[in-house]
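Results of the structural survey
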Amino acid sequence: MCGIVGYVGHEAAAPILLDSLRRLEYRGYDSAGLAVHSQGRIQILRTVGKLRNLENALAEKGLPGSVGIGHTRWATHGRPSEVNAHPHVAGPIAVVHNGIIENHLQLRSQLEASGVTMSSDTDTEIVSHLIHRESVGGHDLVTSVRKALAQVHGAYAIAVLSAAEPDRVVVAKKASPLVIGVTRQATYCASDIPALLPYTNEMVFMEDEELAVLEADGFSLSTLGGAALSRRPRRISWSPIMAEKAGFKHFMLKEIFEQPRALEDTLRGRLDRENGDVLTAEIGLNEDDARNIRRVILLACGTSHHATLAGRYWLEDLAKVPAITELASEFRGRDAIVGEGDLVIAVSQSGETIDTLMAAKAAKERGAKLLAIANVNGSAIPRMADASFYTHAGPEIGVASTKCFTAQLANLLMFSIWLGKRRGTLDAAQARELVEGLARVPNLIEERLKPSLDAISEMVREFSDARDVLFLGRGLSYPMALEGALKLKEISYVHAEGYAAGEMKHGPIALLDARVPVVVLMPRDRHYERVSSNLQEAKAREAKIIGITTAGDAEAQALCDAVVEVASTHEALSPFVTVVPLQLYAYCVADHKGTDVDQPRNLAKTVTVE
Ligand code: F6R
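As a further point, take the nonpolar core. Grouped together as the largest cluster of nonpolar side chains are 89 residues, with contacts concentrated most on Trp 314, Phe 415, Phe 471 and Phe 576. Among the elements that take part in this core, helix H14 (residues 428-463) stands out by supplying 13 residues, more than any other. Setting aside residues no more than four positions away along its own chain, Phe 415 makes contact with Ile 283, Leu 285, Leu 315, Leu 343, Ile 345, Leu 371 and Phe 389. Counting 37 residues, the second largest nonpolar core, distinct from the first, contains Leu 21, Leu 24, Ile 193 and Ile 236.

As structure tokens, then:
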């Protein structure tokens, strides 16, 4: 996690770096810092806590100069404190870093044995000392960085300043993301695209084991070994306004409300309504490939994993292909059986989650075909994949994923329809019904957003003091129950569990009493009767029932203490409509409690540590 930025130009660097960091704060927010070349030396400013503390310190002290680097931290090694905040300094060298240096203990003892005194508990400080040691040996900054990184194992995106070379920033990366932004007057770098959008749309994505020298009039790219590379910038279509709150109180609420637009953008040009088919060359498979897939393995983490759970139901139901889902961290932690004939679909909003990246890489190395579903164009997982089927949800800033989740669902369903048609398991009428239904989903969500928000914000007054909440669903509603519980946990800090409704009597029923609200997802599908029985079992233990029911379902509503109505859909499309009230429920509870909705404690948007 953590976010790094750099600027080399002719304007004051500190405000630009701060502004870019603000757009990266979702990556970590327990301390922050800047280093700027100022009057022949490097000046540093570091503060604990959110960026506004750095902003206040900057207003007080100033940091003149037009070349600098910055960092916002999510602590891995060493608690959040000023000494552990980046940039880390050794002699004339200042470094910001995102990632983890795996051999830091060994390097630390070597450095200490040679007389170096460390001032922090971080792994990053070691990198600054290694670079310093090389520069004392007479090397220029680029050579010192190369030689230092040759001693380091692990993941890094670093930006480095040297007091001796005041016109440049040297950056390098391995396994952590880094993008360079270019204009005629300045060169920028950042961990993620939104940080640079107000300044440029022309971006260069760095690959692993590459190094770049950023100067005001451009950049030069090479491998860490020193071979020169040339790469043209790509034009990024996101606009800066997409990463603003647009009048909403929080990014999360804005992003929940953006779902109809995000889905429309994701579906655009991909649904062939006339023929009831999905049009996509991006999938990278031909008709033979589609028929010959032996098995699909879906890999992801967190919310993206919940999308894959729905994906598995669709793949098996519509394309009749064996499909398994696995948490990427577990898949890579065991000797998973995977190889030729397997199609691995790695699903990741950021396209950078390290566990998903490494699991997908291992599967590809063993012969599986790799399809990426990601939201960030040009991110690491799509770059490694055989093909990429992007979601077009736009930048997601709230740490809790919402619009990217429903966009991932859309891609997984489109893929399942495409595959079902090619494998002959989905007839023309079924496919047409699904395609038509999917095309209508953005409207169905739109119509109920405002009424649901109104109903839920009233409802949470009664339920927001609950210490535990249970979410129950069957079939496609089960992964949505998991997602509802995760959303509530991460932003409101309320203990919540998502359960397959049929499992309730195998344990969680013991938790139930009048103080435990149970959210029951009960769209009118094939599981309805059985979910209704589970609801009665919870009610019999005096639990308060919040029903997510199909509009007009008086029978279900009579059983519930509170109800949020969702649109009636084809059974396969129910996740799109049932998950939205759960996102709103989590949002309203968190807002009612006054937690930091967009930047919940201990979390970060892009998880680049294992
Ligand atoms: C929760 C959330 C996380 C992410 C997870 C994977 O709201 O956003 O659980 O889903 O960290 O991230 P990506 O999708 O970027 O791989």
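Still more to cover.
Moving on to the domain arrangement of the protein chain. Entries for the protein chain in the domain assignment read domain 1 (3-244) and domain 2 (252-593). Of note, the centres of domain 1 and domain 2, computed from C-alpha atoms alone, are 37 Å apart. At the junction of the two partners, domain 1 supplies 17 residues and domain 2 supplies 13 residues. Of all residues in domain 1, Tyr 26, Trp 238 and Met 242 bury the most surface against domain 2, accounting for 36% of the area lost on that side. One can count one salt bridge joining domain 1 with domain 2. With a closest N to O distance of 2.9 Å, Arg 383 and Glu 207 form a salt bridge. Applying the counting rule to domain 1 against domain 2 returns three residue pairs in polar contact (both at pLDDT 80 or more).

As a matter of local geometry, the ligand sits amid 14 residues, with Ser 304, Ser 348, Ser 350, Thr 353 and Glu 490 nearest to it. Within the contact set of the ligand, an oxygen atom lies 2.5 Å away from a side-chain nitrogen or oxygen of Thr 353. Breaking the shell around the ligand down by element, the ones donating at least two residues are helix H9 (302-319) and helix H15 (477-492). When residues in the shell around the ligand are grouped by element, the largest group, three residues, is from H9. Broken down by class, the residue content of the shell around the ligand amounts to four nonpolar, eight polar and two charged.

It is worth spelling out the sheet that holds strand S11 (residues 202-205) at this point. Reading across the sheet, the eight strands line up as S3-S2-S4-S1-S10-S9-S11-S15 and stay open at both edges, with antiparallel pairing between neighbours. This sheet does not close on itself; its edge strands, each paired only once, are strand S3 (41-48) and strand S15 (234-235). In the sheet, strand S1 (residues 3-8) pairs with strand S10 (residues 187-190) via four bridges, with the strands oriented antiparallel. Of the residues in S10, the one forming a bridge with Val 5 is Ala 190. Lying on the sheet, helix H1 (residues 13-24) is in contact with S1, strand S2 (31-38), strand S4 (67-73) and S10; it crosses S1 at an angle near 155°.

Before going further, it helps to spend a moment on the pattern of salt bridges. Tallying each qualifying case throughout the model produces 42 salt bridges. Across the pair Arg 168 and Glu 215 runs a salt bridge, and its minimum N-O distance is 2.6 Å. One end of the pair, Arg 168, is in the loop between strand S7 (154-162) and strand S8 (169-174); the other, Glu 215, is in strand S12 (residues 210-215), and 47 residues separate them in sequence. With a relative accessible area of 23%, Glu 215 lands in the partly exposed category. Look at the salt bridges and you will find they share partners, linking Lys 254, Glu 258, Arg 261, Asp 265, Arg 268 and Lys 403 into a network.

What follows is about the sheet that holds strand S27 (residues 562-566). As a general point, the strands of a sheet are linked pairwise by backbone hydrogen bonds and lie either parallel or antiparallel. Read across the open sheet, the five strands follow the order S24-S23-S25-S26-S27; overall the sheet is parallel. With partners counted over all chains shown, the strands left at the sheet margins are strand S24 (495-500) and S27, one partner each. This sheet shows a mean twist of 15° between the axes of neighbouring strands, independent of strand direction. Sheet topology note: the strand S26 (residues 544-550)/S27 ladder contains five bridges and is parallel. Of the residues in S27, the one forming a bridge with Thr 550 is Val 566. Each of strand S25 (517-522), S26 and S27 touches H14; the most contacted strand, S27, lies at about 165° to it. Sheet strands touched by H15: strand S23 (468-473), S24 and S25. Its angle to S24, the strand with the most contacts, is close to 175°.

Here is what the cut-offs are and how they apply
- Residues numbered from 1 in each chain as written.
- Predicted model: local features only at pLDDT ≥ 70, side-chain atom pairs only at ≥ 80, totals over all residues.
- Heavy atoms only, no water.
- Core = buried A, V, L, I, M, F, W, Y, C linked by side-chain atoms within 4.5 Å.
- Buried < 20%, exposed > 50% of the residue type's maximum accessible area, 1.4 Å probe, protein only.
- Helix = DSSP H or I, 4+ residues; strand = E, 2+ residues; numbered from the N terminus.
- Contact = heavy atoms within 4.5 Å.
- Domains from an automatic or database assignment.
- Buried area = accessible area lost by both parts, 1.4 Å probe.
- Salt bridge = Lys/Arg side-chain N within 4 Å of Asp/Glu carboxyl O.
- Polar contact = N/O pair within 3.5 Å; in protein donor to acceptor, adjacent residues only side chain to side chain.
- Near = heavy atom within 4 Å.
- Nonpolar A, V, L, I, M, F, W, Y, C, P; charged D, E, K, R; others polar.
- Pairing = 2+ DSSP bridges.
- Axes fitted to C-alpha atoms, helices over the stretch in contact; angles between N-to-C directions.

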